[in-house]
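Letter by letter, the chains look like this.
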Amino acid sequence: MIRKTLSILTLILMVTSAGLAQKADLRLRLEAGKTYSQETEMEAKIVQDINGMDMEIIMEMNGKTDYLVKEVQEGKYLMEVGYKSLAISMGMPQGTVEFSSENSGEGDSFSKILSSIIGKTFELTMTDLGKVEEIRGLDDLWDEVIGDTEGISEMEKGQIKSQVENAYGEKGMKSNIEAATAIFPEKPVKKGAEWVVNTTMESGMLAKATTTFTYLGREGEIAMIKGKGVIETLNRDEYVETNGMPMRIEISGTLESDITINRNTGWIVKAVVATDAE
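If you're wondering where the values come from, they're calculated on a predicted model, not measured in any experiment.

Draft legend 1. Representation of the overall build of the protein. Along the protein, the regular secondary structure elements total five helices and 13 strands. Per-residue burial for the protein yields a buried fraction of 37% across its 278 residues. Here the contacts in the protein between residues at least 6 apart in sequence split such that 58% fall between residues at least 24 apart. Total accessible area on the protein is roughly 15800 Å²; 51% of this is exposed by carbon and sulfur atoms.

Put into C-alpha cells, the structure is as follows:
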C-alpha cells in the first residue's frame with residue numbers, strides 16, 4: 001500500500017513538473033490561402049523642442065487590417081495586405097484634428113484619402129518571427145490614391161504625399177507593422193521568460209527600438225505577451241526634409257505594448273502599442 005501511494009505521488013509530481021516546465025513555441029504558423037485579421041491601437045506622445053519651447057503632440061492610429069497569405073516558403077509568408085478601417089488623430093496645443101476612413105465629407109481631404117485606400121492592397125514578405133523583410137506596391141498605391149482624390153489642389157496633394165511617405169510609406173509602414181508583429185523569441189519559452197528584439201524605425205527619421213518582451217502565459221486559445229522598450233535616434237547629425245524644410249531630429253523615449261496572439265497559429269489578433277518620446 002505504501003509503495004502504491006509513493007508511486008502515485010511520484011507520478012503526480014512528474015506530471016506537475018512537466019506542466020510547470022512546459023514551453024511555448026511562439027511563432028507564426030500560417031496557412032496559404034487563409035486570411036488573418038488584426039486590430040491595432042497605437043499611441044505616440046511626442047514632446048518637441050521648437051525654438052526653446054516644448055510642444056506636446058499626442059498621435060493615435062487605430063486600424064483593422066486583413067492579411068491574406070498567398071504563399072508559404074521556408075519560414076516566410078508572402079502576404080496581400082488590405083485595410084478594413086483606418087483612423088488617425090493628432091492632439092496639439094491648438095486643438096485636436098481627427099481623420100478617418102469612415103468620414104470622407106467635404107473639406108476633409110485626408111479622410112477622403114484614407115477612405116480611398118480601403119479595399120486596395122499591397123504586398124509584403126514576413127518571417128515566422130514577425131519580421132517584415134519587404135513591402136511592395138504601397139508607395140505606388142498612395143500615389144494613385146492621392147492623385148485620384150478630387151477637390152484637392154496640386155499643392156495640397158504634394159504636401160500630403162510628403163507627409164504620407166514619411167509616416168505611412170513603405171519604410172514607415174514596415175516600422176508600424178513590426179511594432180505589432182516583430183515580437184517573437186527565437187526559441188520556445190516558459191511563462192515569465194523574457195527576450196529582447198531590436199527593430200529599426202524609419203518614419204521621417206532613423207531610430208532603433210530595443211524591446212524586452214515577457215511571456216505572460218495563456219488563457220484558452222490565446223497567449224499574452226508584454227513589451228517594454230527604449231527608442232533612440234540613429235545618425236543624430238543627419239538632416240531630413242519635413243514640409244520642404246531641412247530638420248535635424250533627435251529623439252529618445254520609451255514604448256510599451258500589450259499583444260494578444262492565437263496559440264495555434266501564432267497570429268497577432270490585437271496589438272496595443274504606446275510610445276512616449278521627446
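Next comes the rest of the account.
Draft legend 2. Structural view of empty space enclosed by the protein. Within this structure, the stated rule accounts for one cavity of 30 Å³ or more. In this structure, the largest cavity spans a volume of roughly 110 Å³. Together, 13 residues line the largest cavity, and Thr40, Met61, Thr65, Tyr83 and Ile177 are the ones closest to its centre. Among the secondary structure elements, those contributing two or more residues to the lining of the largest cavity are β1 (35-50), β2 (53-73), β3 (76-92) and α5 (170-181). For the lining of the largest cavity, the element with the most residues is β2, which contributes five residues.

Draft legend 3. Spotlight on the environment of Thr200. In this structure, Thr200 sits in strand β7 (residues 194-202). Assessed through its relative accessible area of 36%, Thr200 is described here as partly exposed. Residues Thr200 and Ile231, 31 residues apart in the sequence, show an inter-C-alpha distance of 9.5 Å. Not counting the four nearest positions on each side in its chain, Thr200 is found in contact with Ser175, Leu206 and Ala207.

Draft legend 4. Molecular detail of helix α4 (residues 154-168). Under the 1.5 Å per step criterion, the end-to-end length of α4 is 20 Å for 15 residues, consistent within 8% with the ideal 21 Å. Among all positions in α4, only Lys157, Ile160, Val164 and Tyr168 are buried. Within α4, the buried residues cover an arc of 70° as seen down the axis, which keeps them to one side. The inward-facing, buried residues of α4 contact β2, β3, α2 (109-117), α3 (138-148) and α5.

Draft legend 5. Representation of the packing of aromatic side chains. The final tally for this structure, using the stated rule, is four aromatic pairs. For the pair Phe99 and Phe110, a centre-to-centre distance of 5.2 Å together with 85° between the ring planes defines the contact as edge-to-face. In this pair, Phe99 sits in strand β4 (residues 95-100) while Phe110 sits in helix α2, placing the two residues eleven residues apart along the sequence. Relative accessible area serves as the criterion here: at 15%, Phe110 is assigned to the buried category. In this structure an aromatic cluster arises from ring pairing among Tyr36, Tyr67 and Trp267.

Definitions and cut-offs
- Residues numbered from 1 in each chain as written.
- Predicted model: local features only at pLDDT ≥ 70, side-chain atom pairs only at ≥ 80, totals over all residues.
- Heavy atoms only, no water.
- Helix = DSSP H or I, 4+ residues; strand = E, 2+ residues; numbered from the N terminus.
- Buried < 20%, exposed > 50% of the residue type's maximum accessible area, 1.4 Å probe, protein only.
- Contact = heavy atoms within 4.5 Å.
- Areas by Shrake-Rupley, 256 points an atom, 1.4 Å probe, with all protein chains shown as cover.
- 1 Å grid on protein atoms, 1.4 Å probe; cavity = no way out; pocket = protein on both sides within 12 Å on 5 of 7 lines; lining within 4 Å.
- Points joined across faces, edges and corners; volume = space filled by probe spheres on them.
- Expected span 1.5 Å × (residues − 1).
- Arc of directions from axis to C-beta.
- Phe/Tyr/Trp six-rings, centres within 6.5 Å; stacked < 30°, edge-to-face > 60°.

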